[in-house]
Amino acid sequence: GAVVSQHPSWVICKSGTSVKIECRSLDFQATTMFWYRQFPKQSLMLMATSNEGSKATYEQGVEKDKFLINHASLTLSTLTVTSAHPEDSSFYICSANHPGTGAEKLFFGSGTQLSVL
Amino acid sequence: GQSLEQPSEVTAVEGAIVQINCTYQTSGFYGLSWYQQHDGGAPTFLSYNALDGLEETGRFSSFLSRSDSYGYLLLQELQMKDSASYFCAVRASGGSYIPTFGRGTSLIVHP
């Protein structure tokens, strides 16, 4: 099946630094990718929709200057958490649709656990 | 907007059958999906229902009633490895697939 690779799987950083998370579709082209945030035992909260070659669409309440999204190619989207603070500590996960399997089936990356000290 | 309701936790024993319900309120409904997520892992797609009725895939089945805005995931012959969180998700209105997920149901399977 389709594979979405996310890197790094975990990161620890100091408060005030920026962290970049990469999401790659390994065997298909993804014009759209989705970024989610998940707290322990909670739902997946959609942060933004990443569109190849254009600006990302952010959900209400998500600071676009805080969470920078770049979708520069059909196989790579990046999420940069700028000036990270402890409250940004969370599990971040990306997903994409495979063009051959229908819009209803999402393939997820393995997630990135971010801990900000 | 969209909202989904599902139980927070369900427990069962190995070999049993368990049903996880999901009710939703949404505009422009296209279908209901189910995902499984083990602790610390990525959600994986289980099933999708666009039409009323039961879809069976091995030990897992999913049901949808559009008129009742209700669906469920049925897990049969439970195994320990089925212990995970299960999320229902609906597709929002609009041209692209922007799924909204429920809060998830933690399934605990006991020996």
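Here, the structure is the one placed above.
Residues numbered from 1 in each chain as written. Chains lettered and ligands numbered in written order. Predicted model: local features only at pLDDT ≥ 70, side-chain atom pairs only at ≥ 80, totals over all residues. Heavy atoms only, no water.

1. Considering the overall build of chain B
Reasoning step 1: When helices and strands are counted, chain B shows zero helices and eleven strands.
Reasoning step 2: Ordered by position from N to C terminus, the α and β elements of chain B give β-β-β-β-β-β-β-β-β-β-β.
Reasoning step 3: Computed over C-alpha atoms, the radius of gyration of chain B comes to 14 Å, within 12% of the 13 Å expected from 2.2 N^0.38 for 111 residues, which places it in the range of a compact globule.
Reasoning step 4: By its C-alpha atoms, chain B is 45 × 30 × 20 Å across when sized along the principal axes.
Reasoning step 5: By the burial criterion, 46% of the 111 residues in chain B qualify as buried. (Helix = DSSP H or I, 4+ residues; strand = E, 2+ residues; numbered from the N terminus. Rg over C-alpha atoms; globule rule 2.2 N^0.38 Å. Buried < 20%, exposed > 50% of the residue type's maximum accessible area, 1.4 Å probe, protein only.)

2. A look at the interface of chain B and chain A
Reasoning step 1: Counting from both sides, the interface comprises 18 residues of chain B and, opposite them, 18 residues of chain A.
Reasoning step 2: Both faces considered, chain B and chain A share a buried interface measuring about 1,600 Å² in area, 60% of it formed by carbon and sulfur atoms.
Reasoning step 3: At the surface where chain B touches chain A, the tally comes to one salt bridge.
Reasoning step 4: The residue Asp39(B) makes a salt bridge to Lys41(A) at a minimum N-O spacing of 3.8 Å. (Contact = heavy atoms within 4.5 Å. Buried area = accessible area lost by both parts, 1.4 Å probe. Salt bridge = Lys/Arg side-chain N within 4 Å of Asp/Glu carboxyl O.)

3. A word on the sheet that holds strand β1 (residues 4–7) of chain A
All names here are of chain A.
Reasoning step 1: Pairing is antiparallel across the open sheet formed by four strands, whose spatial order is β1-β3-β8-β7. With partners counted over all chains shown, the strands left at the sheet margins are β1 and β7 (67–73), one partner each. Averaged over all pairs of adjacent strands, the angle between strand axes in this sheet comes to 15°, irrespective of strand direction.
Reasoning step 2: As paired strands, β1 and strand β3 (residues 19–25) are joined by four bridges and run antiparallel to one another. Across the sheet, residue valine 4 finds its bridge partner in β3, namely serine 25. (Pairing = 2+ DSSP bridges. Axes fitted to C-alpha atoms, helices over the stretch in contact; angles between N-to-C directions.)

4. Overview of the environment of Ser25(A)
Residue and element names in this part refer to chain A.
Reasoning step 1: Among the structural elements, serine 25 can be located in strand β3.
Reasoning step 2: Considered as a pair, serine 25 and leucine 74 are 49 residues apart in the sequence and their alpha carbons are 8.1 Å apart.
Reasoning step 3: Those residues in contact with serine 25 that sit more than four places away from it in its chain are Val3, Ala30, Met33, Leu74 and Thr75.
Reasoning step 4: A distance of 2.7 Å separates the side chain of serine 25 from the backbone oxygen of phenylalanine 28, its partner in a polar contact. (Polar contact = N/O pair within 3.5 Å; in protein donor to acceptor, adjacent residues only side chain to side chain.)

Any functional reading would require information that these geometric values do not contain.
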